[in-house]
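# Topology and contacts: notes
Each chain, letter by letter, is given below.
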Amino acid sequence: MSRKIAIFDTTLRDGEQSPGASMNTEEKLIIARQLVRMKVDVIEAGFPISSPGDFKSVQEIGRIAGDACTVCGLTRAVDRDIEVAAEALRTAKCPRIHTGLGVSPSHLRDKLRMTEEQAIARAIHAVKYARNFVDDVEFYAEDAGRSDQEFLVRIIQAAVKAGATVVNIPDTTGYNMPWDFGARIRDLRERVDGIEDVTISVHTHNDLGMATALALESVRNGATQIECTINGLGERAGNTSLEEVVMAIHMHEEALDAHTDIVTTELTRASKLVSSITGINVQPNKAIVGANAFAHSSGIHQDGVLKARDTYEIIDPADVGAGGSQIILSARSGHAALRHRMGELGYAFNDEEFETIYQSFLEVADKKKEVYDEDLESIVHERERVSAAIWTLGAVQVSCGFPLTPTATLTLLDEEGAEHKVCAFGTGPIDAVYKAVNQVVSVDNDLSEFAIQAVTRGIDALGEVTVRVTAADGEVYTGRGSDGDIVVSSTKAYLNALNRLISHQRERAADNAAATADAQ
Ligand code: KIV
Ligand code: ZN
């Protein structure tokens, strides 16, 4: 069995320190329930002395956690802090007090104004004092990442001797390189007497984007608890992201000789919950939980994933509770991806048909960032309309705006492919186009209805126009056209209706001619 790495979640304490992430007790409880469901080992529920709200949150979370996990309250190495934390934690079945102080030269000199000996004395006192209230006391050596290693060994040794059950080595400023930090952990493990009986925890920040790497390197060197937050929330650039360390350990269990008890299928849900409660969006390309974490955009990748998912995916999206792999149809998509999606939508084409669909798809994709299912439906319907065409659109251009007279310049192609060019004025751009169409396609009709709607989302959505025209005999014909440009879709829709009208009239004429011939 590999080593168990405890997951200490500090979303509700360090995570809440993200600018704009403050949460009320009700919201913290919702997140805490999700953390319990996910089976984290420790919830750092707040800093009880900092505010009545934090006090209450620690109290309430202690109540709901039961014996499912340890509930922890943060303190400074100050008696009153420890007393208040102990009071808040009275509801918890498994309470932990997390106490400590800064240990780097800059913290000792500029913040605490203490000598190293005074800091050691304070650490010993705080740990012993906290042990009067609870059996589980975690000592943090703030800014350990920039501390003098000899002093770090001495103060950690003192904390262990004083009764700390966990020693937390934070890289508070996210300054370390993974190998240097790993070496610090190894050194502590080799030199501190009795450290084998306590948990070595690491608490790393992401100022150089290496919080996850530091945590994993620490595990390699003997740490057995990682402090982290959902979505990597936390002071400044944030903390180690829970979902990243959990999945990295999960994927490399053998090499790291380590595992966690986290229910990984709850990770996406946890991420979404924290994001919706804090209002802090997850960047789309965020590992594990970003919207694009399982989305494939390039044609080569899409082709690979459709043949075998693991060509470009190391994690099964289902393992983290994500919806599934996504094939994003865009100008970079190839035939395989389009054919696959069309198949899912229930369309099957022979190779020749598919090639024309693919060319239309590229035209739409060139104008849009992403091609949605509705766009594909529209492309298919447009193709059906074109294949029934008598008159087709060659080109259309309009000029309009205040104080211009709306003018349309139009080129239509007849069944033989001959070009017909005209120009017309109108009361608006569409009216000008329709007048131009009427000059070429001279068929009696009345435009009785015109409607336009966006087929898909966004400013670059396809616009679909529906028109109804009434022929001289009172028969009504519907036409539809879609395009990213509403002038073009309006023109296509009108031509579609007129083509139907003409082909119906031709059919009727042919039927009449046949009937007359039969009668003779
Ligand atoms: O970053 C840090 O050092 C901390 C401590 C209070 C554990 O958040
Ligand atoms: Zn921190």
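To be clear, the structure that these remarks concern was listed above.
Residues numbered from 1 in each chain as written. Chains lettered and ligands numbered in written order. Predicted model: local features only at pLDDT ≥ 70, side-chain atom pairs only at ≥ 80, totals over all residues. Heavy atoms only, no water.

## Focus on the site of ligand 1
Selection criterion: Residues are counted as near a molecule or strand when any one of their heavy atoms sits within 4 Å of it. Two N or O atoms form a polar contact when they lie within 3.5 Å of each other; inside protein one atom must be a possible hydrogen donor and the other a possible acceptor, and for residues adjacent in sequence the pair counts only when both atoms belong to side chains. Exposure was quantified through the Shrake-Rupley algorithm and a 1.4 Å probe, taking into account, for residues, occlusion by the shown protein chains and nothing else. Polarity classes work like this: nonpolar for Ala, Val, Leu, Ile, Met, Phe, Trp, Tyr, Cys and Pro, charged for Asp, Glu, Lys and Arg, and polar for all others, with Gly in that last group.
In the neighbourhood of ligand 1, the contacting residues comprise R13, D14, H98, Y140, E142, N168, P170, T172, H203 and H205. Contact distances for ligand 1 include 2.6 Å between an oxygen atom and a side-chain N or O atom of T172. Contact distances for ligand 1 include 3.0 Å between an oxygen atom and a side-chain N or O atom of H205. Burial of ligand 1 by the surrounding chains reaches 92%, relative to a free accessible area of 260 Å². For the shell around ligand 1, a count of residues per class yields 2 nonpolar, 5 polar and 3 charged.

## Brief notes about the side chain of H203
Note the following rule: Under the scheme used here, helices are H or I runs from DSSP no shorter than 4 residues and strands are E runs no shorter than 2 residues, and both carry numbers assigned from the N terminus. Here, residues are in contact when the closest pair of their heavy atoms is within 4.5 Å.
Take H203: it is sitting in strand β8 (residues 199-204). Here E227 takes part through its side chain, which lies 2.8 Å from a polar atom of the side chain of H203. Not counting the four nearest positions on each side in its chain, H203 is found in contact with T10, R13, D14, N168, I169, P170, D171, E227 and N239.

## As for the side chain of D375
Selection rule: Burial classes: relative accessible area under 20% of the type maximum marks a residue as buried, over 50% as exposed, and values in between as partly exposed (1.4 Å probe, protein chains only).
Positionally, D375 belongs in helix α15 (residues 373-387). We classify D375 as buried; its relative accessible area is 0%. At 2.8 Å, the side chain of D375 forms a polar contact with the backbone nitrogen of Y372.

## Comments concerning the packing of aromatic side chains
Keep this limit in mind: Here the aromatic set is Phe, Tyr and Trp, taking the six-membered ring for Trp, and pairing holds for ring centres within 6.5 Å; pairs whose planes are under 30 degrees apart are stacked, those over 60 apart are edge-to-face, and all others are tilted. Criterion for a charge above a ring: Lys NZ or Arg CZ within 6 Å of the ring centre, and within 35 degrees of the ring normal.
A full pass over the atoms with the stated rule returns 6 aromatic pairs. Ring plane angle 15° and centroid distance 6.1 Å describe the contact between Y347 and F349, whose orientation is recorded as stacked. Overall, Y347 belongs to the partly exposed group, its relative accessible area being 21%. Assessed through its relative accessible area of 17%, F349 is described here as buried. Grouped by ring-pair contacts, the aromatic residues F354, Y358 and F361 constitute a single cluster. Directly above the aromatic system of F354 lies the positively charged group of R339, at a separation of 4.2 Å from the ring centroid.

## Structural notes on the sheet that holds strand β17 (residues 463-471)
The condition that has to hold: Strands are treated as partners if at least two bridges between them are detected by DSSP. For helices, the fitted line uses only the C-alpha atoms of the stretch in contact; every axis is such a line through C-alpha atoms, and the angle between N-to-C directions lies from 0 to 180 degrees.
Sheet architecture is open: 3 strands sit in the order β16-β17-β18, paired in antiparallel fashion. Whereas interior strands pair on both sides, the edge strands pair on one side only; in this sheet they are β16 (445-454) and β18 (476-483). The average undirected angle you get between the axes of adjacent strands in this sheet is 15°. Here 9 bridges tie β16 to β17, and the two strands are oriented antiparallel to one another. If you follow Q453 over to β17, its bridge partner there is E464. Running at roughly 145° to β18, helix α17 (residues 486-519) makes contact with β16, β17 and β18 of the sheet.

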